[in-house]
Amino acid sequence: MKDLKHLIYFEKLLEEAHNELVREAKSKGRKCLATVCENTPEPLCNLEGAFSVRLRAPRTGSLDVSTYYMTSFLCEYTRALLERAMEGGFNFADGLVTPDGCSMINRCIENMELNKAINNPDFFYEYMEIPMKADDNGLALYKLQCQNHILNPMKEKWGIDISDAAIRKSVEQHNKICKVIRELGDFRKEEYPRITGYEFHIICMASYACPQDLILDKLIETLEEVKTREPDDTKHRARVVLVGSEIDDIDMVKLVEDSGAYVCADRFCYGSLPGRDPIVLNDEEDALTQVCRIYMERGQCPRYMNQQKMIDRRQYVADLVKEYNADGVIYEQMKFCDPWAYERMVGSHVIRDDFGYPVLTVDRPYAIGSSGQMRTRIQAFVESIEIKQIQGGAK
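This one's a predicted model, so the numbers in the text were calculated from it and none came from an experiment.

Draft legend 1. A look at the packing of helix α7 (residues 136-158) against helix α12 (residues 287-298). Contact geometry for α7 and α12: axes closest at 9 Å, N-to-C directions at 115°. The way α7 lies across α12 gives a crossing that is right-handed. Together, Gly138, Leu139, Tyr142, Lys143, Cys146, Gln147 and Leu151 of α7 and Leu288, Thr289, Cys292, Arg293, Tyr295 and Met296 of α12 make up the contact between the two elements. Looking at side-chain class alone, the contact of α7 with α12 contains eight nonpolar, three polar and two charged residues.

Okay, here's the thing in structure tokens:
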């Protein structure tokens, strides 16, 4: 296929957290609220005068310093963030909101704070508690935490308007991004897709790592370009849904696709499903309650432990297999990620035994590079799918 006009631009934005668009927003006096988890509602962080950035540590090298503080038994994402913070890579941020999605991310941010890793005199840290059950009590907790640890600090420290009208305006802007990303993602359902899983991953990640209003024009232009793009006439050997923990490494999806599998759906923390579902508000209830309810009810994070949520997570993956015409599922988990270790184990058995879909489960480092072992495992999985199809077996 013809190269996308802005792909190199999007890739360049992902080379560092303090990218071109972040610098542009900061030069205009806007405040940067950094986040580290999908359970932090983006529209609340993107109120007028502020913008959010999901922290990453691209091109991670040695983790010696962060390992000294956190041990080698904690996931590499948290260690990479601490290492990058201590290198000065996040000094552009004006605040950081951390939900307790897992204990490891809390240890990471606590070490940043104790070591004064972020050199910004007005910088502040906020720690949110998020619910473990998606029910009325959980919603009340979620709303209170978002009010106390996102909205109130933004108003008190930066003078940001946190009114209901301001939240609704932010949701409207958020939905513009979601609409474009989901339209681009829908092209992956085609028999001969006009966008690769890698390209989509880059575009989607850029929407988390940059001020949304500053990237919207190029996203819209890319969507119009893809609408008229001629797809390759070669059918992919296998189509897979990629499910699991945090993936902000551009090489992971590329490695999967270079190994013969087309990533047709992305159910991971930096993905579009459900992270780029539009947020539909009504006029009868306040916007904050609705945003918190939507994030809680649609969330696929293993932190939610009530029985129905656990059942729904596996059903959600099975539904994606059908909707995106996938041949199998790859469950991935970053090494030492405890929440996804359990979900990967149970979810893979349920998808294979109860729904009858081929499943590969893998654990991986934060920065996978060109891992020969991972490539071999994915190639073997693709071959097993092909053999089953030749033999007339079910997907």
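Draft legend 2. Structural context of the environment of alanine 318. Note that alanine 318 resides in helix α13 (residues 307-323). On the accessibility criterion, alanine 318 (1% relative accessible area) is buried. Each C-alpha atom, one on alanine 318 and one on glycine 356, is 9.5 Å from the other, the two residues being 38 residues apart in sequence. Excluding its chain neighbours within four sequence positions, the residues that come into contact with alanine 318 are Ile351, Phe355 and Tyr357.

Draft legend 3. Molecular detail of helix α5 (residues 76-86). A large share of α5 lies buried, amounting to nine of its 11 residues. Positive phi appears at glycine 88, one or two residues downstream of α5, with a value of about 95°.

About the thresholds
- Residues numbered from 1 in each chain as written.
- Predicted model: local features only at pLDDT ≥ 70, side-chain atom pairs only at ≥ 80, totals over all residues.
- Heavy atoms only, no water.
- Axes fitted to C-alpha atoms, helices over the stretch in contact; angles between N-to-C directions.
- Helix = DSSP H or I, 4+ residues; strand = E, 2+ residues; numbered from the N terminus.
- Left-handed = near helix turned anticlockwise from the far one by under 90°.
- Contact = heavy atoms within 4.5 Å.
- Nonpolar A, V, L, I, M, F, W, Y, C, P; charged D, E, K, R; others polar.
- Buried < 20%, exposed > 50% of the residue type's maximum accessible area, 1.4 Å probe, protein only.

The quantities given are spatial measurements derived from coordinates; they are silent on function.
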